[in-house]
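Structural features, examined
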Amino acid sequence: MNQAAVLPAPGGFARFCHEFWWFGLKEARACIFAGSFFVVLALSTKLPLGPLPRYDFILLAALLIQGLLIATRLESWDEVKTISLFHLLGFALEVFKTHPAIGSWHYPEFAYSKVLGVPLYSGFMYAAVASYMAQAWRIMDLRLTGYPSYWLSLPLCAAIYLNFFTHHFLPDLRWLLIAAAVLVFARTRVYFHPLATPRWMPMPIAFVLIGFFVWLAENIATFFRAWQYPEQAAGWTLVHWGKISSWGLLVILSFIVIADLKHLKARRTKLGQSQNTRSNPISQ
């Protein structure tokens, strides 16, 4: 996308449409891994795979996509490191949720790549959310104002992740956590660049919008039998809209992890530059 070659749009509604078009293109670019993964899911239900189990085909295809993104530099190694963290977080959650004693969802098909009942490709579904956020951050040149202190963001992040486990045995705190997130991020604005002019959105609204679109993606994924909820055993049905709250919390968790890691990296880079300047006075 060569924005330099794009002529300035006129004002008013025409300019809005022009910027919205570029916003959509950049969003699509940020979803390159997630979109490719959906194509793989669709193909896995149509292609004759012979003796290769479908879940194993999905895993191999996802690894190939990830490798291509790295090779073509559409994804950086720093982004891959962050995404790998979500593989681990997601796999731990999957093992718990699919345990027979819990049974939130399951993977009924055989696969050689299943570990503790969970196919290894499942981590890519969590990584897809992280990949989108990391890509959008770079492509849209995101900037945050009013971001909360680590003393607020990290405990909130940990509480959200733990509640995915504990609500099976203790009271479900999701609505309390959502209220806490709204308060913690009430002053946070996210600035993004559809084109040259920065636009902004309140962070809680961004959480809701991303959570809604992830819920739509979940419906597509379950339609292609990426996993199966108990109520879908007799056939595919629309995922209950209440799941939007769960995905919203996952989005908040993902955003905090990515934002805090980026802030930490920026601090280390700034500190390293400061130390290099002091140790090389000639460069001043």
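Coordinates for the structure precede this section.
Notes on the structure follow. Fair warning: this is a prediction, and the values are worked out from it, not measured in the lab.

The next point concerns the side chain of Ser131. When you line up the elements, Ser131 lands in helix H5 (residues 122-139). Within the structure, the side chain of Ser131 is placed 2.8 Å from the side chain of Glu75, a separation counted as a polar contact. Excluding residues that lie within four positions of it along the chain, Ser131 makes contacts with Ala30, Phe33, Glu75 and Ile83.

Looking now at the environment of Tyr112. Relative to the elements of secondary structure, Tyr112 occurs in the loop between helix H4 (77-97) and strand E1 (114-115). Look at Tyr112 and you get exposed, because its relative accessible area is 63%. Note: C-alpha distance between Tyr112 and Leu52 (60 residues apart in sequence) is 9.1 Å. Not counting residues up to four positions away in its chain, the partners in contact with Tyr112 are Pro53 and Asp56.

Attention now moves to the pattern of salt bridges. Here the structure, examined in full by the defined rule, presents 6 salt bridges. When the shortest N-O distance is used, the salt bridge between Arg199 and Glu19 registers 2.8 Å. Here Arg199, found in strand E5 (residues 199-202), pairs with Glu19, found in helix H1 (residues 12-30); they are 180 residues apart in sequence, far enough to count as distant. Judged by relative accessible area, which is 32%, Arg199 ranks as partly exposed.

Moving on, we come to the packing of H4 against helix H6 (residues 150-166). Contact pair H4 / H6: the axes reach a minimum separation of 10 Å and the direction vectors enclose 20°. Judged on the interaxial angle alone, H6 and H4 are roughly parallel. Once H4 is placed against H6, the crossing between them reads as left-handed. Side by side, H4 and H6 meet where Leu89, Ala92, Leu93, Phe96 and Lys97 of the first sit next to Tyr161, Phe164 and Phe165 of the second. Counted by class, the contact of H4 with H6 contains 7 nonpolar, no polar and 1 charged residues.

Let us now look at the packing of H4 against H5. One can describe the packing of H4 onto H5 by two numbers: an axis separation of 7 Å at closest approach and a directional angle of 145°. As H4 packs across H5, the resulting crossing turns out to be right-handed. In this structure, H4 contributes Glu79, Ile83, Phe86, His87, Gly90, Leu93 and Glu94 to the contact, and H5 contributes Ser122, Gly123, Phe124, Tyr126, Ala127, Ala130, Ser131, Ala134, Gln135 and Arg138. Taken together, the residues of the contact of H4 with H5 sort by class into 8 nonpolar, 6 polar and 3 charged.

Criteria and thresholds
Counting restarts for each chain: residues are numbered from 1 in the order of the written sequence. Predicted model: local features are reported for residues with pLDDT of at least 70 only, side-chain atom pairs are reported and counted for 80 or more only, and whole-chain, interface and lining totals are derived from all residues. The side-chain values count all of the structure's non-hydrogen atoms but skip hydrogen atoms and water molecules. Under the scheme used here, helices are H or I runs from DSSP no shorter than 4 residues and strands are E runs no shorter than 2 residues, and both carry numbers assigned from the N terminus. Between N or O atoms, a polar contact is any pair within 3.5 Å; within protein, one atom must be a potential hydrogen donor and the other a potential acceptor, and residues adjacent in sequence are included only when both atoms are from side chains. Note on contacts: a residue pair is in contact if any heavy atoms of the two residues lie within 4.5 Å. Residue burial is assigned from relative accessible area. The probe radius is 1.4 Å, only protein chains are included, and a residue is buried under 20% of its type maximum, exposed over 50%, and partly exposed in between. We define a salt bridge as a contact between a side-chain nitrogen of Lys or Arg and a carboxyl oxygen of Asp or Glu at a distance within 4 Å. Axis definition: a line fitted to C-alpha atoms, limited for helices to the stretch in contact. Angles are taken between N-to-C directions and run from 0 to 180 degrees. Here the word oblique covers every angle except those under 35 degrees (roughly parallel), over 145 (roughly antiparallel) and from 65 to 115 (roughly perpendicular). Crossing handedness follows the turn of the near helix against the far one: under a right angle anticlockwise gives a left-handed crossing, and clockwise gives a right-handed one. Any residue outside Ala, Val, Leu, Ile, Met, Phe, Trp, Tyr, Cys, Pro, Asp, Glu, Lys and Arg is labelled polar, Gly included; the first ten of those are nonpolar and the last four are charged.

Nothing here speaks to function; it is geometry throughout.
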